[in-house]
Amino acid sequence: MGGLDIGKVSAMPIEALPKWMERLDLRPMEVRIASTILRELSARVGFLVDVGLGYLTLGRQMRTVSGGEAQRISLANSLGSRLVDTLYVLDEPSIGLHPQDMDALMALLRRLRDGGNTVVVVEHNATAIRAADHVVELGPGSGDLGGEVVFEGTPDDLVRTATNTGRYLSMERARTRGDGESGRDGRRGWTEHRRWPVDGARIRLEGARLHNLRGAEAEFPIGAMTVVTGVSGSGKSTLVHDILYRALERELRGGRTSAKEHLGEVVGAYGSLTGTEHLDDVILIDQSPIGRTPRSNPVTYIRAWAEIRRIFARQRAAATAGLDARSFSFNVKGGRCEECGGAGYVRVEMVFMADIHVPCEVCGGKRYRPEVLEVRVRGLNVTDVLDMTVDRAIRFFLREPRLGQALWHLQQVGLGYLRLGQPATTLSGGEAQRLKIARELIGAAARKGARKAYILDEPTTGLSGADVELLNEVLRRLVKAGHTLVVVEHDLDVVRAADWVVDMGPGAGARGGEVVAMGRPEDVATVPESVTGRFLGEALGLPGRRSGRRRPQPRDRQASDSGAPAGAA
């Protein structure tokens, strides 16, 4: 049809379909048959374009789309159904969205509202909060310190409150208006005065080719944090994950790569990669689960559980009962409850329904034999410790420096509210990613001198404004330890805190795949071709976007690169 077979139509970007449908040369009878189909198809395609997914192809497999893209596909489907008097609940719809795309998303949500529906959005994005008709803030803290409604009202009223979100919005408003200290440098995080030098060694990638990348070139300074940003669908993940990460794996691991190519994971091509002699290894910190069974939990993942077991084994009651450190593990025989195998529950197989899990009748869900539970440290047994939050455990184990240091790193990445024994299967993707960062920080503290490249993809997922500030400080700690960071991110608080920015674009899909701008955040903010630059200039509190400056080239050495930044020692 229209000179194309089904394969070629499936390979077209969604945004190209309307023109293809307009060019169809149909006979009168075919027009009558296809009119309803074409009208419905045109509407559904329009909804996908409206939610910023016009760059996807019709044949794109769902397992290859991100969580944010999948959610927006569901949103487009909801718009197409034209339901009324319906409650829509959306969880972080801004995930993976560039600031430019947020206005379009908010317009679509308003369309749902204006159609007679109720829209409830769980969101941290400032643009979404300001666009709301009514805001409910929970707090005041996380975990056991939260669970209360600390504010309810309009966004304008929220800005005038002293809640965490209210302070964040008021500081952001002050910064974008350029209101002195409270605007430009009043918030924590990196500023241009605290950045690390980028005029030394660099990783240089040339000729990157995959999907919409057609020979892209980019540089990533060693010992600094590079943020790769750009409009949604511009090729950021393709450049960083499918090409740079895989290339570094092959260069640093003797030609091996962790890509599961038999499952469809792709490895992009590139012309050359230089600068790898300055690195010892590359680590991907993504949002995949840290474990697929409830036996895995935060303290086992950061390898702190062994220290807790040794503390219990040192108690006099443990020596009297003949218990050693292995006896306090719920994964091996000797101390665990053998009825449930240390799981705390028993799986009941249902013939025609999903299996159910019920508490173990022998141990009552405590996982251990009675004699193990009789051993106590300052009144608490091992099950009580597993039920502690990280914040409480730090205070409880105040005299255990090795354990306290490991738990402190969990607290520093904003996970102080997690329980030590919380099953890994209950953690969100953002929590799993921050657990991985904490483990790397613990390893960096133990192994001095190692030089690693860390690849992170959207680490701000699920974080509030205050948590993003904390994340910036955590990332700074990795850089201070001598490591190199490459972060794919849209959050402007992270982008403005970067030492180096690589901006992809200029558009999405076939209109993207190019490095539009590259340099310090202040330099990228001046590049007319950069969509990100416009928003970045506002985030930096710059008085106005300048024009006429040429696009920074990969080999440029910016004047701002000279000398070490304050606090870089």
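The structure displayed is predicted, hence computed values, not measured ones.

Engineer: Would you mind going over the pattern of salt bridges with me for this structure?
Structural biologist: Pairing is possible between side chains of opposite charge, provided their charged atoms come close. Following the criterion strictly, the structure yields 27 salt bridges and no others. Linking arginine 204 and glutamate 219 is a salt bridge whose minimum nitrogen-to-oxygen distance equals 2.7 Å. On the criterion of sequence distance, the pair formed by arginine 204 in strand β5 (residues 202-210) and glutamate 219 in strand β6 (residues 213-221) is long-range, its members being 15 residues apart. Note on accessibility: arginine 204 and glutamate 219 belong to one class, buried. In this structure, aspartate 493 engages arginine 496 in a salt bridge whose closest nitrogen and oxygen atoms are separated by 3.6 Å. For aspartate 493, a relative accessible area of 7% corresponds to the buried category. What makes arginine 496 buried here is its relative accessible area of 5%. One continuous salt-bridge network, built from bridges that share partners, spans Arg202, Arg204, Glu206, Glu217 and Glu219.

Engineer: I tried to follow the sheet that holds strand β13 (residues 484-488) on my own but got confused; where do I start?
Structural biologist: Think of a sheet as strands paired side by side through backbone hydrogen bonds, with each pair either parallel or antiparallel. The six strands are arranged β9-β12-β13-β7-β14-β15 in an open sheet whose pairing can be described as mixed. Edge positions in the sheet fall to β9 (281-285) and β15 (514-519), since each has one partner strand and no second. Mean inter-strand twist for the sheet, computed between neighbouring axes without regard to direction, equals 15°. Across five bridges, the pairing between strand β7 (residues 225-230) and strand β14 (residues 500-505) is parallel. For valine 228, the partnering residue across the bridge sits in β14 and is valine 502. Running at roughly 145° to β9, helix α10 (residues 236-252) makes contact with β7, β9, β12 (452-457), β13 and β14 of the sheet. Taken strand by strand, helix α19 (residues 465-480) contacts β7, β12 and β13, and its axis lies near 145° from that of β13.

Engineer: Would you explain α10 in this entry?
Structural biologist: For an α-helix, the turn length of 3.6 residues means that residues three or four places apart are oriented alike. End to end, α10 covers 22 Å across 17 residues, agreeing with the expected 24 Å (1.5 Å per residue, within 8%). Considering bend angle alone, the principal kink of α10 is centred on leucine 244 and spans about 30°. Of the positions making up α10, those classed as buried are Lys236, Thr238, Leu239, Val240, Asp242, Ile243, Leu244, Tyr245, Arg246, Ala247, Leu248 and Glu249. At the C-terminal side of α10, glycine 254 shows a positive phi close to 65°.

Engineer: Help me understand the packing of aromatic side chains in this model?
Structural biologist: Two aromatic rings, taken as a pair, are described by how far apart their centres are and by the angle between their planes. Overall, the coordinates contain four aromatic pairs when judged by the stated rule. Centroid distance phenylalanine 330 to tyrosine 368: 6.5 Å. Interplanar angle 70°. Geometry classified as edge-to-face. Taken together, the residues span a long stretch of sequence, with phenylalanine 330 in the loop between α13 (316-320) and β10 (345-348) and tyrosine 368 in the loop between β11 (356-359) and α14 (370-373) at a distance of 38 residues. Per residue, the accessibility class of phenylalanine 330 equals that of tyrosine 368, and both read buried. Site record: aromatic cluster; members linked through ring pairs are Trp305, Phe330 and Tyr368. Over the ring of tryptophan 500 we find arginine 202, and its NZ or CZ is 4.3 Å from the ring centre. Against the face of tyrosine 301 rests arginine 439, its NZ or CZ located 4.0 Å from the ring centre.

Engineer: Explain unusual backbone geometry here, please?
Structural biologist: Here the bond from glycine 139 into proline 140 is cis, since omega is 0°, no more than 30 degrees from zero. Checked against the element boundaries, proline 140 lands in the loop between β3 (135-139) and β4 (148-153). Even without a glycine there, the phi angle at arginine 378 is positive, about 50°. As for its position among the elements, arginine 378 is in the loop between α14 and α15 (382-386).

Engineer: I'm lost on the sheet that holds strand β8 (residues 272-274) in this one. Help?
Structural biologist: Strands sit in the order β6-β5-β8 across an open sheet of three strands; the sheet is antiparallel. Only two strands of the sheet have a single neighbouring strand rather than two, namely β6 and β8. Pairs of neighbouring strands in the sheet enclose a mean axial angle of 15°, with direction left out of account. Alignment of β5 against β6, held across seven bridges, turns out to be antiparallel. Across the sheet, residue arginine 204 finds its bridge partner in β6, namely glutamate 219. Relative to the sheet, α10 contacts β5, β6 and β8, its axis offset from that of β5 by approximately 120°.

Conventions and cut-offs
Residues numbered from 1 in each chain as written. Predicted model: local features only at pLDDT ≥ 70, side-chain atom pairs only at ≥ 80, totals over all residues. Heavy atoms only, no water. Salt bridge = Lys/Arg side-chain N within 4 Å of Asp/Glu carboxyl O. Helix = DSSP H or I, 4+ residues; strand = E, 2+ residues; numbered from the N terminus. Buried < 20%, exposed > 50% of the residue type's maximum accessible area, 1.4 Å probe, protein only. Pairing = 2+ DSSP bridges. Axes fitted to C-alpha atoms, helices over the stretch in contact; angles between N-to-C directions. Contact = heavy atoms within 4.5 Å. Expected span 1.5 Å × (residues − 1). Bend = angle between axes of the 7 residues up to and from the residue. Phe/Tyr/Trp six-rings, centres within 6.5 Å; stacked < 30°, edge-to-face > 60°. Lys NZ or Arg CZ within 6 Å of the ring centre and 35° of its normal.

On their own, these measurements won't tell you what the molecule is for.
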